[in-house]
Amino acid sequence: MPGNGLQRDELELHFQPQQRLRDAELIGFEALVRWRRGGKLVPPAEFIPIAEESGLVIAIGDWVLERACAQILELRAQTGKDFVIAVNISPRQFLHPDFLRKIERLLKETQIDPCTLELEITEGAVMEQTENAIALLHKLRALGLKLSIDDFGTGYSSLSYLKRFPIDKLKIDQSFVRQLKPHSQDSAIVEAVIGLGHTLGINVIAEGVETIDQREWLKRLSCDEIQGYYYSRPLPCENVLPFVLSQF
Ligand code: G
Ligand code: G
Ligand code: MN
Ligand code: NA
């Protein structure tokens, strides 16, 4: 149980590649935390909700952001190219009064190009204190960061609010992709989200893409990017550079 047990040196950050459909290029990675407890890896679904309750998610989140920036710098040093790393930000982390200052400090200390760091926010975090949250999103955007809405479609997304969120990307939740088939109900939903995003000038990525058929259908629907086992599983950090080099 995190709180007593969890130490920073027991955390690992894995990275799941994201592919642009237009030209099949690798564009970046989503950072996904794991807890190495004894011999086994505990998935975040089992400890992030508890860490969110206890407040420990703040310390975990700080560590994830530092590690993500270090990965951006390392990829740049090794390849001369910039890759975007997307980091999951929990509602409590996002709404914490120090969040903006921490991000500013991180950008100053690491000197990363701000547009290589993407923050994934859930609809819940933004809807909780809507006016504050929208103001914060604008400040983060002004720093040059990329902003995305995670698990889109599963929350209480108000379309009128979406217009006011200064975001770069919608992440279509896996639940709409898992059984995606041409002309199905899921396909109608996915198509609507892509249309909505594009109308608002927002990129759309589909998560949980496992098969070539799903990929091809998403491409037909003009989805911008994909993430999922079809392209790659989340990679431990030592496999990230080899993956990047294999794409050249
Ligand atoms: O890696 P996995 O697919 O098991 O991730 C499950 C969930 O855990 C995802 O929904 C993701 O948003 C969340 N998650 C993964 N890494 C982090 C993290 O670093 N911080 C927070 N707050 N959530 C994370
Ligand atoms: O942040 P989010 O909750 O969306 O986290 C993505 C989660 O989905 C991670 O736990 C990741 O390991 C998992 N995942 C990523 N790609 C796939 C996939 O293609 N299929 C399935 N079943 N899970 C995936
Ligand atoms: Mn995510
Ligand atoms: Na998601």
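Refer to the preceding data block for the structure.
Residues numbered from 1 in each chain as written. Chains lettered and ligands numbered in written order. Predicted model: local features only at pLDDT ≥ 70, side-chain atom pairs only at ≥ 80, totals over all residues.

(A) Examining the site of ligand 1 more closely. Taken together, 13 residues form the shell around ligand 1, and within it Leu32, Val33, Pro44, Asn88 and Ser90 come nearest. Elements supplying a minimum of two residues to the shell around ligand 1: strand 2 (26-37), helix 1 (44-54) and helix 2 (57-79). Among the residues making up the shell around ligand 1, the classes are represented as 9 nonpolar, 3 polar and 1 charged. (Near = placed C-beta within 6 Å. Helix = DSSP H or I, 4+ residues; strand = E, 2+ residues; numbered from the N terminus. Nonpolar A, V, L, I, M, F, W, Y, C, P; charged D, E, K, R; others polar.)

(B) Main features of the nonpolar core. Ranked by size, the top nonpolar core spans 56 residues in total, and within it Ala31, Ala68, Val87, Ile172 and Ala206 carry the most contacts. With 8 residues, the top contributor of residues to this core is helix 2. Not counting residues up to four positions away in its chain, the partners in contact with Val87 are Ala31, Val64, Leu65, Ala68, Glu118, Leu119 and Glu120. (Core = buried A, V, L, I, M, F, W, Y, C linked by C-beta atoms within 7 Å. Buried ≥ 20, exposed ≤ 12 C-beta atoms within 10 Å, placed from the backbone. Contact = placed C-beta atoms within 7 Å.)

(C) Inspection of the site of ligand 2 at higher detail. Near ligand 2, the surroundings consist of 13 residues, among which Gly208, Glu210, Gly228, Tyr229 and Pro234 are the closest. In terms of residue class, the shell around ligand 2 is made up of 4 nonpolar, 5 polar and 4 charged.

(D) Layout of the packing of helix 2 against helix 4 (residues 99-110). The interhelical angle for the contact between helix 2 and helix 4, taken along N-to-C directions, is 30°, at an axis separation of 11 Å. It follows that helix 2 is roughly parallel to helix 4 by the angle criterion. As for the relative orientation of helix 2 and helix 4, their crossing is right-handed in sense. Counting all contacts with helix 2, which are made through Asp62, Leu65, Cys69 and Leu73, the residues of helix 4 involved are Lys102, Leu106 and Thr110. Partitioned by chemical class, the residues of the contact of helix 2 with helix 4 number 4 nonpolar, 1 polar and 2 charged. (Axes fitted to C-alpha atoms, helices over the stretch in contact; angles between N-to-C directions. Parallel < 35°, antiparallel > 145°, perpendicular 65-115°, else oblique. Left-handed = near helix turned anticlockwise from the far one by under 90°.)

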